Every structure is written in C-alpha cells, then in structure tokens.
Amino acid sequence: PTRITQSLGNVLTNAAKYTEDGGHIWVAAGRDGAEATVSVRDTGIGLSPEMLTRVFDLFTQESRTIDRSQGGLGIGLTLARRLVEMHGGTVRAASEGPGRGSEFTVRLPALPPGADRADRATAPEPAPTANRRLLLVDDNIDSAESMAELLALFGHNVRTAHDGRAALTAARDLRPEVILLDIGLPGLDGYEVARRIRQNPELHSTTLIAMTGYGQDEDRRKTREAGFDHHLVKPVDVDELCRILRSPPAR
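So, here's what we can say about the structure. Computed from a predicted structure; not experimentally measured. (Residues numbered from 1 in each chain as written. Predicted model: local features only at pLDDT ≥ 70, side-chain atom pairs only at ≥ 80, totals over all residues. Heavy atoms only, no water.)

A look at the overall build of the protein
Helix and strand counts for the protein come out as eight helices and nine strands. Within the protein, buried positions represent 40% of all 251 residues. Just so you have it, the protein exposes about 13200 Å², and 49% of that area is on carbon and sulfur atoms. (Helix = DSSP H or I, 4+ residues; strand = E, 2+ residues; numbered from the N terminus. Buried < 20%, exposed > 50% of the residue type's maximum accessible area, 1.4 Å probe, protein only. Areas by Shrake-Rupley, 256 points an atom, 1.4 Å probe, with all protein chains shown as cover.)

Section: the sheet that holds strand β3 (residues 90-94)
Taken together, the four strands give an open sheet; going across it, the order is β1-β2-β4-β3, and neighbouring strands pair in antiparallel fashion. With one partner strand each, in any of the chains shown, β1 (25-32) and β3 form the two edges of the open sheet. The mean inter-strand angle of the sheet, taken between neighbouring strand axes irrespective of direction, is 15 degrees. Here β1 runs beside strand β2 (residues 35-42); their pairing, made up of eight bridges, is antiparallel. (Pairing = 2+ DSSP bridges. Axes fitted to C-alpha atoms, helices over the stretch in contact; angles between N-to-C directions.)

What to know about the nonpolar core
Inside soluble globular proteins, nonpolar side chains tend to come together where they are buried. Counting residues in hydrophobic clusters, the biggest one holds 22 residues, and the most contacted among them are Leu 135, Val 137, Ile 179, Leu 181, Val 193, Ile 197 and Phe 228. Those elements that provide at least two residues to this core are β5 (133-137), α5 (164-174), β7 (178-182), α6 (190-198) and β8 (207-212). Leaving out residues up to four positions away in the same chain, Val 137 has contacts with Ala 161, Asp 163, Ala 167, Ile 179, Leu 180, Leu 181, Asp 182, Leu 185 and Met 211. The next biggest cluster of nonpolar side chains, apart from the first, holds 15 residues, and it includes Leu 151, Leu 180, Met 211 and Val 236. (Core = buried A, V, L, I, M, F, W, Y, C linked by side-chain atoms within 4.5 Å. Contact = heavy atoms within 4.5 Å.)

Brief notes about the packing of aromatic side chains
Under the criterion given, the structure shown has one aromatic pair. Centre to centre, the rings of Phe 56 and Phe 104 are 6.0 Å apart; their planes meet at 90 degrees, and the pair counts as edge-to-face. Of this pair, Phe 56 sits in the loop between α2 (49-52) and α3 (75-86) while Phe 104 is found in strand β4 (residues 102-109), placing the two residues 48 residues apart along the sequence. Phe 104 carries the same exposure label as Phe 56, and that label is buried. Note that Arg 41 overlies the ring of Trp 26, its terminal NZ or CZ placed 4.2 Å from the centroid. (Phe/Tyr/Trp six-rings, centres within 6.5 Å; stacked < 30°, edge-to-face > 60°. Lys NZ or Arg CZ within 6 Å of the ring centre and 35° of its normal.)

Here we look at the pairing of β4
The two faces of the sheet receive side chains in turn, since in a regular strand these alternate between them. Judged by which residues are buried, β4 turns out to be one-sided: Ser 102, Phe 104, Val 106 and Leu 108 face inward and are buried, whereas Glu 103, Thr 105, Arg 107 and Pro 109, on the alternate face, are not. Pairing between β2 and β4: eight bridges, direction antiparallel. Directly across from Arg 41, in β4, lies its bridge partner Glu 103. Note that β3 and β4 share five bridges and pair antiparallel. Paired with Ala 94 across the two strands is Glu 103, which belongs to β4.

Section: the sheet that holds β8
In spatial order, the strands read β6-β5-β7-β8-β9; together these five strands make up an open sheet with parallel pairing. Whereas interior strands pair on both sides, the edge strands pair on one side only; in this sheet they are β6 (157-161) and β9 (230-233). Sheet twist, expressed as the average angle between the axes of neighbouring strands with direction ignored, equals 20 degrees. Summarising the sheet, β5 and β7 pair through four bridges and their orientation is parallel. Among the inter-strand pairings, Leu 136 is bridged to a residue of β7, identified as Leu 180. Across the sheet, α5 is in contact with β5, β6 and β7; its angle to β5 comes to roughly 175 degrees. Along the sheet face, α6 touches β7 and β8 and points at about 155 degrees away from the line of β7.

Overview of the pattern of salt bridges
Should the charged atoms of two oppositely charged side chains come close, the side chains can pair. Under the defined criterion, the tally for this structure stands at 15 salt bridges. In this structure, Glu 149 and Arg 3 form a salt bridge, with 3.2 Å as the shortest nitrogen-oxygen distance. Linking Glu 149 in helix α4 (residues 141-153) with Arg 3 in helix α1 (residues 2-17), this pair joins segments that are 146 residues apart in sequence. On the basis of relative accessible area, Glu 149 is assigned to the partly exposed category, the value being 30%. Judged by its relative accessible area of 32%, Arg 3 falls in the partly exposed class. Here Glu 202 makes a salt bridge to Arg 175, at a shortest N to O gap of 3.0 Å. Linking Glu 202 in the loop between α6 and β8 with Arg 175 in the loop between α5 and β7, this pair joins segments that are 27 residues apart in sequence. Bridged by salt links that share partners, the residues Asp 32, Glu 35 and Arg 107 form one connected network. (Salt bridge = Lys/Arg side-chain N within 4 Å of Asp/Glu carboxyl O.)

Here we look at the side chain of Ser 102
Mapped onto the fold, Ser 102 is located in strand β4. For Ser 102, a relative accessible area of 7% puts it in the buried group. Each residue touching Ser 102, except ones within four places of it in the same chain, is listed here: Val 40, Arg 41, Asp 42, Gly 46, Leu 47, Ala 94 and Ser 95.

Below you can see the structure in the form of structure tokens.
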C-alpha cells in the first residue's frame, strides 16, 4: 500500500506541476476486466509525440517557459512506473499534443469479484539483482534522493553527495563498489573528482559511471581519460544502468 500510494502521488504531483493556475485535474478509478485502473487527466502543457516516448526516462522534463519553471528533473514518473511494474502493473501516457493536456493511466492486477484477499494472485517478482554499495553524486538534491530511492528498491545500499569535495569525503569513508558521478558539479567537477579517486589506491577497483547530458565522441573520450569506466547520457536508461550494476566490476 505504501508504494502504490507513492506511485499515484508521483503521477498526481506531475499533473499539478505541469498544469497552470486555474487549470483542472481529474482522477478516475475503475475496473477493466482483470485490472484495476486509475487515470489522472489534466489541462496542462501536454506532451509532444517525441516526449510521449521519453516521459518515463530518468531526468526527462518537457520544456517550459521560465515563469512556469517548477524545478525537478522528471524522475517521479520513472519511479512511479518502476513501482507499478514491481506490482505487476503498467503506466501509460497519452496526450493530443502541446497545450492540450495529458492523461496517465495506471493499471494493476485486481482481485476477482468476491475473491478473498488470501486467494489473490501474486504479482511477478522483480528480477534479482546483486546488492551493490553505491555512491550517487548529483548537485540536484531532489533528483539525487529520488534516484537513490529507486536504486534502493532494487536492493542496493546507496549514499548520496551533492558536490565534488563531499563526494571525495564520502568515497573515502564508504569505499563504494560503484560511484555514479554527475559531471557538472559545483567546486570540483566530475572529471576532477574522478581523477582524484583514481589516485587513491583504496578506490582503485571502484567502478566509475559518468552521468552527463553530452554523448559525443569527444565527451566520451574526456570521461575515459578522467578514469570513468562507463558513460551514461541523460536521460539515463534505467535498464542499461541496472545491467551495468549486475555486471562484474570493471577493474
């Protein structure tokens, strides 16, 4: 119940964030065959066809004018979808286009009419994953904490830091197996943090994953030279990140 509440709360928060003052949000719940459905429809900024295919990706945010900026990086929808999928359900987005609102529909397995709760079907178990000791470094605190929560749901032990010097201190204390490191950090940037980590013999075997908005060959060359093992472009592909975390250490 806690996670379902969290999922629906994230979908509602998203609707509120992208709907102007004076707009409307409708919530409807019902049953469709063997599924329970909850839909959240709004009169907000809507979604372009391109955004409909990316809206559940990490760090995705539809462009908005400055006066509508609410902050955040769209990670709430990623978390909502993952939580619903862990319960055997789905989340789908629909929109007629920019300026024409959006609708998000959550579908979850429902009990047969009149069935006792003890007889309910068990939702599919999430795929097993190796528990890893992770350090997540991002200067956007809300984004870092949300992503840490998502990774913790997969069984990982996650600690966060929000600037380069704090990252170095946390790395020395925690000795993480994996560090997910944003490049654009205040003070020491991600490149310098990576170079200093590689100079520490106690952290030589740590896997370094760069998270950046840039993915050209030159950008990948720079992260390799700084000591990174992997280069992920925002919006981060959750499945690719999980694959890396399941793989043996890079060093």
